[in-house]
Amino acid sequence: MRAATDYVEDVAPGSGTLPPRAWYASSDAASLSLNGSWRFRLSPTADAEDDAFAGPGFDAGHWARISVPGHWVLQGHGAPAYTNHLYPFPVDPPRVPTENPTGDHLRLFDLPSDWPSDGGAVLRFDGVESCARVWLNGTDLGEFKGSRLPHEFAVGHLLRPEGNVLAVRVHQWSAGSYLEDQDQWWLPGIFRDVTLLHRPAGCALDFFVHASYDHTAGAGTLKVDSDVAGRVTVPALGIDVPTGASVTVPVEPWTAETPRLYDGVLATEGERVPLRIGFRTVVVEDGLIEVNGRAILFKGVNRHEWHPEQGRALDRETMREDVLLMKRHNINAVRTSHYPPHPAFLDLCDELGLWVIDECDLETHGFVEQSWRDNPVDDERWTPALLDRAARMVERDKNHPSVVVWSLGNEAGTGRGLTAMAEWIHGRDSSRLVHYEGDRDCRDTDMYSRMYAVHEEVDRIGRGLDGGPLKRRRLPFVLCEYGHAMGNGPGGLADYQRLFETHDRVQGGFVWEWIDHGVKDERHGFAYGGDFGEELHDGNFVCDGLLFPDRTPSPGLVEYKKVIEPVRFEARPPAPAEYGAGPGTVRIRNAHDFLDLTALAFEWSYQVDGETVASGGLPVPRAAPGESVEVKLPEPPGTRDGETQWTVRALLASDTAWAPKGHPVAWAQFPVSARPPLRVARGAAPARGDGRITLGPGSFDARTGALLSIGAVEVTGPPRLDVWRAPTDNDDGATWQSDVRYGLLWRTLGLQRMRHRLDSVETGEDALTVRTRVAPAGRELGLATVYRWTSDGERLRLTVSVGPQGEWTVPLPRLGIRFGLSGAADRVRWFGGGPGEAYPDTRSASRLGRWESTVDGLQTPYVRPQENGARADVRWAEIGGLRIEGDPEFWLSGRRWTNEHLDAARHLTDLIPGDTVWVNLDHAQHGIGSQSCGPGPLPRYFLWAAPAEFSFVFSETAERA
Ligand code: IPT
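Keep in mind the model is a prediction, meaning the values are calculated, not measured.

Participant: Looking at this structure, I do not really get the site of the ligand. What am I missing?
Facilitator: Neighbouring residues of the ligand: 14 residues in total, closest D183, H338, N410, E481 and H484. E481 places a polar side-chain atom, nitrogen or oxygen, 2.7 Å from an oxygen atom of the ligand. A distance of 2.7 Å separates an oxygen atom of the ligand from a polar side-chain atom of H484. Protein chains bury 90% of the 390 Å² of accessible surface belonging to the ligand in isolation. One can see that the ligand is located within the largest pocket.

And the structure:
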């Protein structure tokens, strides 16, 4: 006998629902949103309660209230749980645990007084995780699975003018959970809209807008296939044709750069449906993905739906904010990892212009633990569920011009079910391409896709040297995931971009991922895996986005924007021909795929020692996509004394739908005259007395040689060698990485607990020399470190010489000095790279100039605290009454806690300011890479232990901080 809850563990997608169809908002048919406050009861198991609550007259007055859309675990009932790929329950498909949190949702509603009495009605659920059973007015409508997909029921015959009772029972776990093992929080609930749609007699049911573009003729062909015959009108194009008829007219095409939409109407006998039509043609031709006859380059991101308080229940404003932020950061593509997004998001992509890889709600990653045995995608009992998912995605989203690629899902291994999905999709929609990364041989797909391939492999693929089956060798390549943006990083984006732009076959990639899924939390600021007591979890691996959870752009996003900017500047001659010469012209390459440069205004400015002394407009001739033009710079204005440079910028020439006029799009800097050498005469002699040594403005402890003060500035922690950094997520690497993970090696070696042995304090004629050996307990290796202090009487110069001893097989995290200043030090000014942080392989967006910040403002709030905040190429900095000049330039960071505290902290709230500001002046930093789920830094960004010498010149600033 079938028990009342058998459907929960049934592999079938559901019963009682209507066939999938296009998602649209009618112009004239009534609709009623059932979002809002519902009654809610949570049970510990699927069968704890009978269905009496769905019947008439049930009194739910004592139940809790819950917001729909929403997740109950984010509204005080139970708790969220995070795992990457492990199923958080025993794997025994399709069985799920007895402990199956089940939320009964109840909503009473009246029909609006003007609700038409004729026709039918449909009840639509846009997203429920993971399995729902639905009753209306006591009638069991059926049940469904497929969390991020729409499900509809015909309900017209059941509606009453007043007192309708809608009851929805939602189970957290179901057979469907086996298909939804995406790397994210497990968040049950009715998390997308619930809507009642009036369906008048003669209404449109489903329709398919086919709108292609012939770039040779400049013409678009429109054909709307509709289940219910009607007329299609597009006033701006003079189109008025019956459904099913094809019409060709001159049009402006739709692209992500030129998102031209034509408003149209599909009118059936019973309703009018607004259409937003974009004409474009997507093909693979000569091994390249072409849209409207041109190969495109994806500058993409992977986007999960995320809001730190609402989880995956996103409001329209948040969706718009995502698209605006993407557009403003030069991003042109989004992969909807790993499920179809709320449909309103795709409307925004149509309207504002983004290429979309629409991915099906499918991942079975946890089966990797058993070598993919019993994987549902290779078990035909599950195939109907897979086909149901494919159809629900394609039918819902098929009328969006932004969707250019369908993706079968993510990390689901391989199997017949996937092939069946691909076959069905190809048959239903031949106008788009099919993607699936797991199909390494491209048997079912139209492009070769990989994730986290190392640079060298991407290069090989670009050169066509990767071998593989013939079909694959003829296909274009994309990196559907790369640049793992967890914590500080990702490093190496610029090096990837160079490969994308070098090899035609490599058509770009999608950074993993858009936003950190941190949960807003009273205890921790933002919570991550483990913070809710999960027995199985993957920690902060859920925080690996280019945005912090509150949608503040991280330095990674700023870097990405620079790396993918659609205009490239090159100086001519490329390097200053002679000291002080500088370039005469700038070559400007239009790196757009479709736009010319007329939407941009260009300007130049000229800086002396980082201060802009002159600026002006730069007239740039029209350049077609891919073309370059050369533009003459004016005569260098004014002085060439000091360090001088040009800055050129491209800004939006007028307001667009996604950013105002003046929004910066691209920039570059070209040196004219180099920084003059830093000279500090020697001469002042060290003097001993009273337990002190004085040298110029410096006062030292005579016994230890430790610096105590510079003039009136007290040094609360004397400068000494520092080679440790609080390992970043990318330093630590992913547990499954077979490559060396340096973050762990550093710790094993003891770089976080270096001892400083004092060997001698020597005063000479014009120098104080302090010899030390810096080394960790238990090891024979070390760094012979000599501090040599000299002065001209006013300034104090420290030269640090470092000589590695023993066998160093690991790179150093950093190489520099650290010292402490009074906590009153707050204002920081510097001439160097800014405004944000930079590391050797994340420094593209670091702009040379004069910058100001507070110490707190220097910190980058990575959700799990780690090394952050370095500013590159610093010539001089002022902090706490000290001026520090670097010879050569240095990396500057400063914080109100030590690097050891930073390392120990698990959440931002663990960082408690002390009464010292700790300043690091680094000669070098090790690269960042993206080993938290990808390759480490490229060899050229390694900081190998090698003999080094570097200096800093200290003096008091005129003004005390
Ligand atoms: C890859 C997944 O596709 C993605 O969902 C996410 O988990 C990402 O990694 C890491 O954050 S899978 C990985 C094993 C390469």
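Structure shown, so let's carry the discussion forward.
Participant: I'm lost on the sheet that holds strand β16 (residues 207–214) in this one. Help?
Facilitator: Neighbouring strands of a sheet are bound in pairs by backbone hydrogen bonds; such pairs are parallel or else antiparallel. Reading across the sheet, the 3 strands line up as β16-β17-β20 and stay open at both edges, with antiparallel pairing between neighbours. Looking at the sheet topology across the chains shown, the edges are occupied by β16 and β20 (246–250). Taking the axes of each pair of neighbouring strands and ignoring which way they run, one obtains an average angle of 20° across the sheet. Across 5 bridges, the pairing between strand β17 (residues 219–226) and β20 is antiparallel. Pairing of G220 across the sheet is with V249, part of β20.

Participant: I keep staring at the pattern of salt bridges and nothing clicks. Help me out?
Facilitator: For side chains of opposite charge, pairing can occur when their charged atoms come near one another. Per the stated rule, a full pass over the model turns up 76 salt bridges. With a closest N to O distance of 2.9 Å, R335 and E481 form a salt bridge. Placement of R335 in strand β27 (residues 333–335) and of E481 in strand β32 (residues 477–482) is noted, with a sequence separation of 146 residues between them. By the burial criterion, R335 is buried, and E481 matches it. Within this structure, E129, R148, E180, R312, D361 and R389 form a network of salt bridges that share partners.

Participant: How do you make sense of the layout of surface pockets when you look at a structure like this?
Facilitator: It is a probe the size of a water molecule, rolled over the atoms, that shows where empty space is left. If you add up the space inside the largest pocket, you get close to 770 Å³. What lines the largest pocket is a set of 33 residues, among which E411, M451, Y452, W736 and C933 lie closest to the centre.

Participant: Quick question: what am I supposed to make of helix α10 (residues 742–749) here?
Facilitator: Since the α-helix advances by 3.6 residues per turn, residues separated by three or four positions end up pointing in the same direction. Looking at α10, one finds that the buried residues are Y742, G743, W746 and L749. With its buried residues spanning 130° around the axis, α10 presents them on a single face. For α10, the secondary structure elements touched by its buried residues are α9 (729–732) and β49 (768–776). Positive backbone phi, approximately 95°, marks G750, located one or two places after α10.

Participant: When you look at the packing of aromatic side chains in this model, what are you seeing that I'm missing?
Facilitator: Per the stated rule, a full pass over the model turns up 40 aromatic pairs. Between Y482 and Y496 the ring centres are 5.0 Å apart and the planes differ by 70°, which places this aromatic pair in the edge-to-face class. Of this pair, Y482 sits in strand β32 while Y496 sits in helix α7 (residues 493–502), and the two are 14 residues apart along the sequence. On the basis of relative accessibility, which here comes to 1%, the residue Y482 falls in the buried class. Overall, Y496 belongs to the buried group, its relative accessible area being 2%. Through successive ring pairs, a cluster of aromatic residues spans Y87, F89, W173, Y178, W186, F367 and W382. In this structure, R41 is placed above the aromatic ring of F53, and the distance from its NZ or CZ to the ring centre is 5.4 Å. Taking NZ or CZ as reference, R818 lies 5.8 Å from the ring centre of W918, over its face.

Participant: Help me out: how do you make sense of the packing of helix α5 (residues 455–462) against α7 in this one?
Facilitator: Axes are the key here: two packed helices are described by the angle between their axes and the distance separating the axes. α7 packs onto α5 with a crossing angle of 5° between their chain directions and a minimal axis gap of 10 Å. Here α5 is positioned roughly parallel relative to α7, judged by the angle of their axes. Within the contact between the two elements, α5 uses H455, V458 and D459 and α7 uses D495, Y496, L499 and F500. In terms of residue class, the contact of α5 with α7 is made up of 4 nonpolar, 1 polar and 2 charged.

Participant: Looking at this structure, I do not really get empty space enclosed by the protein. What am I missing?
Facilitator: Evaluated as defined, the whole model comprises 5 cavities of 30 Å³ or more. Taken as a whole, the largest cavity holds about 90 Å³ of empty space. Residue lining of the largest cavity: L18, P19, P20, R21, A22, W23, R124, P150, H151, E152, R392 and R396, and that is the complete set.

Participant: What am I meant to see in the pairing of strand β37 (residues 585–590) here?
Facilitator: Within a regular strand, side chains alternate between the sheet's two faces. Here strand β36 (residues 567–572) runs beside β37; their pairing, made up of 6 bridges, is antiparallel. By the bridge assignment for β37, R572 is matched with T585. Pairing geometry for β37 and strand β40 (residues 628–632), over 5 bridges, is antiparallel. Counted as the bridge partner of I588 is V629 from β40.

Participant: Where do I start with the environment of L858 in this structure?
Facilitator: In this fold, L858 is placed in the loop between β54 (847–854) and β55 (871–879). Beyond its immediate sequence surroundings of up to four residues, L858 is in contact with V828, W830, S853, N868, G869, R871 and G894.

Participant: Help me understand the domain arrangement of the protein in this model?
Facilitator: The extent of an interface is frequently quoted as the accessible surface area lost upon association of the parts. What the domain assignment reports for the protein is domain 1 (6–199), domain 2 (207–282), domain 3 (284–563), domain 4 (588–673) and domain 5 (687–956). Of note, the centres of domain 1 and domain 2, computed from C-alpha atoms alone, are 35 Å apart. Taken together, both faces of the contact between domain 1 and domain 2 bury some 530 Å²; the carbon and sulfur share is 48%. Summed over the shared surface of domain 1 and domain 2, the result is 1 salt bridge. Two residues, E271 and R199, come together in a salt bridge whose shortest N-O distance is 2.9 Å. Counting across the domain 1 and domain 2 interface gives 5 residue pairs in polar contact (both at pLDDT 80 or more). Of the residues contributing to the side of domain 1 that touches domain 2, the split by class is 4 nonpolar, 2 polar and 2 charged.

Participant: I would appreciate a short explanation of the nonpolar core in the present structure.
Facilitator: Side chains that are nonpolar tend, in soluble globular proteins, to be buried together. If you look at the biggest cluster of nonpolar residues, it comprises 152 residues, and the most contacted ones within it are L123, L166, L196 and F569. It is helix α2 (residues 343–352) that contributes the most residues to this core, 6 residues altogether. When neighbours within four sequence positions are excluded, L166 is seen to be in contact with L34, W38, H105, L106, R107, F109, L123, V134, W135, L136 and V194.

Participant: Help me understand the sheet that holds strand β29 (residues 403–407), please; the structure alone is not making it clear to me.
Facilitator: Judged by pairing direction, the sheet is parallel, and its 8 strands sit side by side in the order β30-β29-β28-β27-β26-β33-β32-β31 without closing on themselves. The sheet is open, and its two edges are formed by β30 (433–435) and β31 (448–451), each paired on a single side. Pairwise comparison of adjacent strand axes, ignoring direction, gives a mean angle of 25° for this sheet. Pairing analysis gives 4 bridges linking strand β26 (residues 298–302) to strand β33 (residues 506–511), with the strands arranged parallel.

Participant: In this structure, what is going on with the state of the cysteines? I would like to understand it.
Facilitator: Each disulfide consists of a covalent bond between the sulfur atoms of two cysteine residues. Inspection of every chain in the model, using the stated rule, returns 0 disulfides. Here C360 is not cross-linked by a disulfide; its sulfur's nearest cysteine counterpart is in C480, at 15 Å. Taking the relative accessible area as the measure of exposure, C360 reaches 0% and is therefore buried.

Reading guide: rules and limits
Residues numbered from 1 in each chain as written. Predicted model: local features only at pLDDT ≥ 70, side-chain atom pairs only at ≥ 80, totals over all residues. Heavy atoms only, no water. Near = heavy atom within 4 Å. Polar contact = N/O pair within 3.5 Å; in protein donor to acceptor, adjacent residues only side chain to side chain. Areas by Shrake-Rupley, 256 points an atom, 1.4 Å probe, with all protein chains shown as cover. 1 Å grid on protein atoms, 1.4 Å probe; cavity = no way out; pocket = protein on both sides within 12 Å on 5 of 7 lines; lining within 4 Å. Sits in = over half its atoms within 2 Å of the grid points. Pairing = 2+ DSSP bridges. Helix = DSSP H or I, 4+ residues; strand = E, 2+ residues; numbered from the N terminus. Axes fitted to C-alpha atoms, helices over the stretch in contact; angles between N-to-C directions. Salt bridge = Lys/Arg side-chain N within 4 Å of Asp/Glu carboxyl O. Buried < 20%, exposed > 50% of the residue type's maximum accessible area, 1.4 Å probe, protein only. Points joined across faces, edges and corners; volume = space filled by probe spheres on them. Arc of directions from axis to C-beta. Contact = heavy atoms within 4.5 Å. Phe/Tyr/Trp six-rings, centres within 6.5 Å; stacked < 30°, edge-to-face > 60°. Lys NZ or Arg CZ within 6 Å of the ring centre and 35° of its normal. Parallel < 35°, antiparallel > 145°, perpendicular 65-115°, else oblique. Nonpolar A, V, L, I, M, F, W, Y, C, P; charged D, E, K, R; others polar. Domains from an automatic or database assignment. Buried area = accessible area lost by both parts, 1.4 Å probe. Core = buried A, V, L, I, M, F, W, Y, C linked by side-chain atoms within 4.5 Å. Disulfide = S-S within 2.5 Å.

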